[in-house]
Amino acid sequence: MKTLADLKREAKSGTLEARMILRCGSTDIPESLQGWRKITGCNSVAIFILRNDGKKSDLPLKKASLVEYDGQTLTTYAAGLRDLTEEEQRVMDGWKKISSTEEFKERAINDAYTDGSSTYYREKWYFENAGFGYLMGFNEERGMRRDFATGKIIDDRIKGDVVMRYEIRKGAQ
């Protein structure tokens, strides 16, 4: 297995071509992205691939742990889901205790009627003060954010679903 640094080094050489075989989990590839296309370079967060219409397309490479490259195939992944750690669960339980009080519920209703935000800032302060701001679910922190739909943590240290897959080959200079 090669590294992301190897890929970037090879991308800068201008000798690689890529063919998209999977895009957002689908093999239905737009015409402008089909076939073998030249990799024109890279920067610290993406590689650049020439589209069939002559425009550059960038492939974001957020974190090395979400990229696999073996010299022939390049696969990028979305951040994966994981269960809360014991410490994260302890913090969430503490918040549930606060937010389930009658006083808090009353303030939340009052905030809704008056366009107030005291309960929002109370929640924000609680999670940030505990050192787990990402548990609010609005912002990513240290590559993590709570997923409202599942209650789990989206963590960029864990591979999730495949986002993109390319075949890679040495092209004509």
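The structure we're discussing is the one just above.
Quick look at the structure, then.

**Focus: the environment of arginine 107**
Link 1 in the chain: Among the secondary structure elements, arginine 107 is positioned in helix α3 (residues 102-114).
Link 2 in the chain: Spatially, the C-alpha atoms of arginine 107 and serine 118 are 7.5 Å apart, while their sequence positions differ by 11 residues.
Link 3 in the chain: Setting aside chain neighbours within four positions, we find arginine 107 in contact with Ser118, Thr119 and Arg122.

**Considering the pattern of salt bridges**
Link 1 in the chain: As enumerated under the stated definition, the model contains 15 salt bridges in all.
Link 2 in the chain: For arginine 51, the salt bridge is made with aspartate 53, and the minimal N-O distance between the two is 2.4 Å.
Link 3 in the chain: Judged by relative accessible area, which is 26%, arginine 51 ranks as partly exposed.
Link 4 in the chain: Judged by its relative accessible area of 41%, aspartate 53 is partly exposed.
Link 5 in the chain: Here aspartate 156 makes a salt bridge to lysine 63, at a shortest N to O gap of 3.0 Å.

**So, α3**
Link 1 in the chain: Helix length check: α3, at 13 residues, gives a terminal C-alpha distance of 18 Å against a target of 18 Å (1.5 Å per residue), a fit within 8%.
Link 2 in the chain: Positive backbone phi, approximately 60 degrees, marks aspartate 115, located one or two places after α3.

**Regarding the packing of helix α2 (residues 86-99) against helix α4 (residues 118-130)**
Link 1 in the chain: Where α2 contacts α4, the axes come no closer than 11 Å and their chain directions differ by 155 degrees. When the interaxial angle is binned, α2 and α4 end up roughly antiparallel. As for the relative orientation of α2 and α4, their crossing is right-handed in sense. Of α4, the residues touching α2 (which contributes Arg90, Val91, Met92, Gly94, Trp95 and Ile98) are Arg122, Glu123, Tyr126, Phe127 and Ala130.
Link 2 in the chain: A class-by-class count of the residues in the contact of α2 with α4 yields 7 nonpolar, 1 polar and 3 charged.

**Some remarks on the pairing of strand β3 (residues 46-50)**
Link 1 in the chain: One ladder, built from 3 bridges, connects strand β2 (residues 36-42) with β3; its direction is antiparallel. Bridge pairing in β3 links isoleucine 39 to isoleucine 49.
Link 2 in the chain: In this antiparallel pair of consecutive strands, β2 and β3, the connection spans 3 residues.
Link 3 in the chain: Here β3 pairs with strand β4 (residues 56-60) via 5 bridges, running antiparallel. Paired with isoleucine 49 across the bridge in β4 is serine 57.
Link 4 in the chain: Counting the residues in the hairpin turn of β3 and β4 gives 5 residues, including glycine 54, whose phi is positive at 90 degrees.

Parameters and conventions
- Residues numbered from 1 in each chain as written.
- Predicted model: local features only at pLDDT ≥ 70, side-chain atom pairs only at ≥ 80, totals over all residues.
- Heavy atoms only, no water.
- Helix = DSSP H or I, 4+ residues; strand = E, 2+ residues; numbered from the N terminus.
- Contact = heavy atoms within 4.5 Å.
- Salt bridge = Lys/Arg side-chain N within 4 Å of Asp/Glu carboxyl O.
- Buried < 20%, exposed > 50% of the residue type's maximum accessible area, 1.4 Å probe, protein only.
- Expected span 1.5 Å × (residues − 1).
- Axes fitted to C-alpha atoms, helices over the stretch in contact; angles between N-to-C directions.
- Parallel < 35°, antiparallel > 145°, perpendicular 65-115°, else oblique.
- Left-handed = near helix turned anticlockwise from the far one by under 90°.
- Nonpolar A, V, L, I, M, F, W, Y, C, P; charged D, E, K, R; others polar.
- Pairing = 2+ DSSP bridges.

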